[in-house]
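Chains, contacts and geometry: an overview
Each chain, written out:
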Amino acid sequence: MSTEGVAAGVGRPRVRTGAGVVEGRTGTDGIAVFRGIPYAAPPVGALRFAPPAPPAAWDGVRQAEAFGPTAPKVPYPATFAALLTDPEIPGDDCLNVNVWTPEPAPGAGLPVMVWIHGGAHTRGSSAVPVYDGTAFARDGVVMVSFNFRLGVLGYGLFPDAPANRGLLDQIAALEWVRDNITAFGGDPDRVTVFGESAGAISIGALLAAPRAAGLFHRAVLQSGAPEALPRPRVRAMVRRMASLLKVDATAGAFTATSLPDLMAAQAAVLRRSGPLLGGPAFGLVVDPDTLPVDPLDALTADADAASGAVPLLFGWTTEEYRLWLAPTGGMRLLDRMGPLAVALARARAGKDRAAVRALRAARPGAGPAELAGQLLTDRLLRDPLRRLGGARRAGPSHLYEFAWCSGIPGLGACHALELGFVFDTLSVPEAAWLAGTEAPQALADEMHTAWVRFATTGDPGWAAWNGDGPPKVFGGPERDRTEVPVAIRPVLP
């Protein structure tokens, strides 16, 4: 496949990809940006539930100035939409990539970072403003982001379609990076994948997926641990949708259903699931063709596996659970439940009473909601990530914790709060939706620099973790954690 660079006029760089020439834009900062480049064919018609197919080649020059279509999805509920921006761009050609580069020409050999967005496998896209890659390119990294199928289209489990189609899309995007990134100034042998929440869960699967072997060389997992959901749990989502649609629970029947009807049914079933409480959900499953073994088991059982040599950077925020509970009034409800809330959370997390006593000692004055939230976060994130980091691996593991508290009352150091700091995009207005308007730039400088350093050298700037000891802490709990009103949004300048 040719990845030969193509000359272009000032401010309009051109690059030849395997499917044709694309033209991006260079800003006054000297960063070249290419958006909406297809890495696979539009997943429509017979391809709706099929593996990703190669994109069609084009003649001439394809404009790559604007973000491409986002994958079909349903909006966040109002309480979360006030905190998490999630643009929707219509169109069929949703399997597309974006590239930010300081030097769009072969031979530059710059490290590459590939972002995989979160959103509970049902929402999100590469067009979220906080995910802008300019700061990474400014600091000598070629950054790539991409869209992939979500929800029932990407993760619905059918008897007549391949499983884990969202993961197959991600592998296809990484193959596009391998085959094309040299022309954009990147080094295909120095690729770091990084993702948050469901994006980090996806990276856990990519580490364990045989088809992804060799496509990346370092990995960052932010607030998401390797996991595979029980197949009946994912299949239940499809059956619930089929019941609402009055069709068979097959890919054939869902292909014959209009996309608006599918999304309406998906929205209805999503109201009955959540990250902390369990129940049916969309997500990755063990599958002989794509993910033969539970990824956490695979990554901790075989120290000689190829992924065992991949350096890891992973961690969490101090109060992940506050994003899921505070905006909805869940914190107040759990506090009213008192000791019962703690007992139920302890049982679900598989903890003994000694663990609760230790948690109380570490957090004097913590109420039932905080104790329950921490116990559930241990089960969901911290315990499996500690297990991953404590496994015998050839590659180093670096652990962090993000502890700075949001300026939005009640959110504390919640899930997803670190994103504006990692991307160094605190100046983007949408970053204030979650962080408030007084987020410290110095902390963004520190965190962003660590991510760049890890992608460049494999060392973020602190010692590797051997399964014991404290994490590297970013920020501190200096803000009040008063309950957040529903659907509050800060006043932006």
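Some words on the packing of helix α13 (residues 353-362) against helix α14 (residues 368-390)
It is at 11 Å that the axes of α13 and α14 come closest, and there the two elements cross at 120°. Viewed along their axes, α13 and α14 adopt a mutual orientation that is oblique. When you trace α13 past α14, the crossing you get is right-handed. Facing α13, whose interface residues are V356, L359 and R360, α14 presents L371, Q374 and L375. Residue classes in the contact of α13 with α14 are distributed as four nonpolar, one polar and one charged.

With respect to the environment of F34
Here F34 is to be found in strand β5 (residues 32-38). For F34, the residues in contact, after removing those within four places along its chain, are P13, V15, V22, E23, G24, A64, V97, N98, V99, T101, P104 and F184.

As for unusual backbone geometry
Only a minority of non-glycine residues have a phi that is not negative, and only a minority of peptide bonds are not trans. Even without a glycine there, the phi angle at K246 is positive, about 60°. Following the sequence through the fold, K246 ends up in the loop between α6 (231-245) and α7 (251-255). Its relative accessible area of 73% is what places K246 among the exposed residues. One non-glycine residue with positive phi stands out, namely A416, at about 80°.

Some details on the pairing of strand β13 (residues 397-402)
Within β13, six of the six residues are buried, which leaves it mostly tucked inside the rest of the structure. Along β13, one buried face is formed by S397, L399 and E401 and the opposite face, lined by H398, Y400 and F402, is buried too. When strand β12 (residues 312-317) meets β13, the two strands line up parallel, connected through six bridges. Bridge assignment links L312 to a residue of β13, and that residue is S397. Sheet analysis places β13 next to strand β14 (residues 472-474), joined by three bridges and oriented parallel. Residue pairing across strands places F402 opposite F474, the latter belonging to β14.

As for the sheet that holds strand β8 (residues 110-116)
The strand order across the open sheet built from ten strands is β4-β5-β7-β9-β8-β10-β11-β12-β13-β14, with neighbouring strands paired in mixed fashion. A strand with exactly one partner marks an edge of an open sheet, and here the two such strands are β4 (25-26) and β14. With four bridges joining them, strand β7 (residues 96-101) and strand β9 (residues 142-146) adopt antiparallel strand pairing. When the sheet's bridge partners are listed, V99 is paired in β9 with V144. Contacts from α14 reach β12 and β13, with the element oriented near 160° to β12.

A word on the pattern of salt bridges
Counting across every chain of the model gives 20 salt bridges. The salt bridge involving E23 is made with R12; its shortest N-O contact spans 3.5 Å. Here R12 lies in the loop between β1 (5-6) and β2 (14-17) and E23 lies in strand β3 (residues 20-23), a separation of eleven residues in the sequence. Residue classification places E23 among the buried positions, given a relative accessible area of 5%. Overall, R12 belongs to the partly exposed group, its relative accessible area being 41%. The partner of R386 in a salt bridge is D383, with the nearest N and O atoms 3.4 Å apart. In this pair, R386 and D383 are both assigned in helix α14, three residues apart and thus about one turn of the helix distant. A residue is classified by how much of its surface remains accessible, and R386, at 34% relative accessible area, is partly exposed. Connected through shared salt-bridge partners, R12, R14, E23, R25 and E65 make up one network.

Side note on the nonpolar core
Counting residues in each nonpolar core, the largest one holds 84 residues, and the members touching the most others are Y39, F216 and F254. Every residue in contact with Y39, bar those within four places of it in the chain, is listed here: P55, L95, N96, V97, F146, N147, F148, D169, A172, A173 and W176. Ranked by size, the runner-up nonpolar core spans 62 residues in total, among them V220, A326, L426 and V452.

Description of the environment of G214
Considering the arrangement of structural elements, one finds G214 in the loop between α5 (198-208) and β11 (218-222). By relative accessible area, G214 is classed as exposed at 57%.

Details of the confidence of the model for the chain
Averaged over all residues, the pLDDT of the chain equals 92, while 92% of them reach at least 70. Contacts of residues 1-9 to residues separated by more than four positions or lying in other chains number 23 contacts, the stretch itself having pLDDT below 50. For residues 483-493, every residue scores under 50 in pLDDT, and the model assigns this stretch 33 contacts once sequence neighbours within four places are set aside.

Scoring rules and cut-offs
Residues numbered from 1 in each chain as written. Predicted model: local features only at pLDDT ≥ 70, side-chain atom pairs only at ≥ 80, totals over all residues. Heavy atoms only, no water. Axes fitted to C-alpha atoms, helices over the stretch in contact; angles between N-to-C directions. Helix = DSSP H or I, 4+ residues; strand = E, 2+ residues; numbered from the N terminus. Parallel < 35°, antiparallel > 145°, perpendicular 65-115°, else oblique. Left-handed = near helix turned anticlockwise from the far one by under 90°. Contact = heavy atoms within 4.5 Å. Nonpolar A, V, L, I, M, F, W, Y, C, P; charged D, E, K, R; others polar. Buried < 20%, exposed > 50% of the residue type's maximum accessible area, 1.4 Å probe, protein only. Pairing = 2+ DSSP bridges. Salt bridge = Lys/Arg side-chain N within 4 Å of Asp/Glu carboxyl O. Core = buried A, V, L, I, M, F, W, Y, C linked by side-chain atoms within 4.5 Å. pLDDT = per-residue confidence, 0-100.

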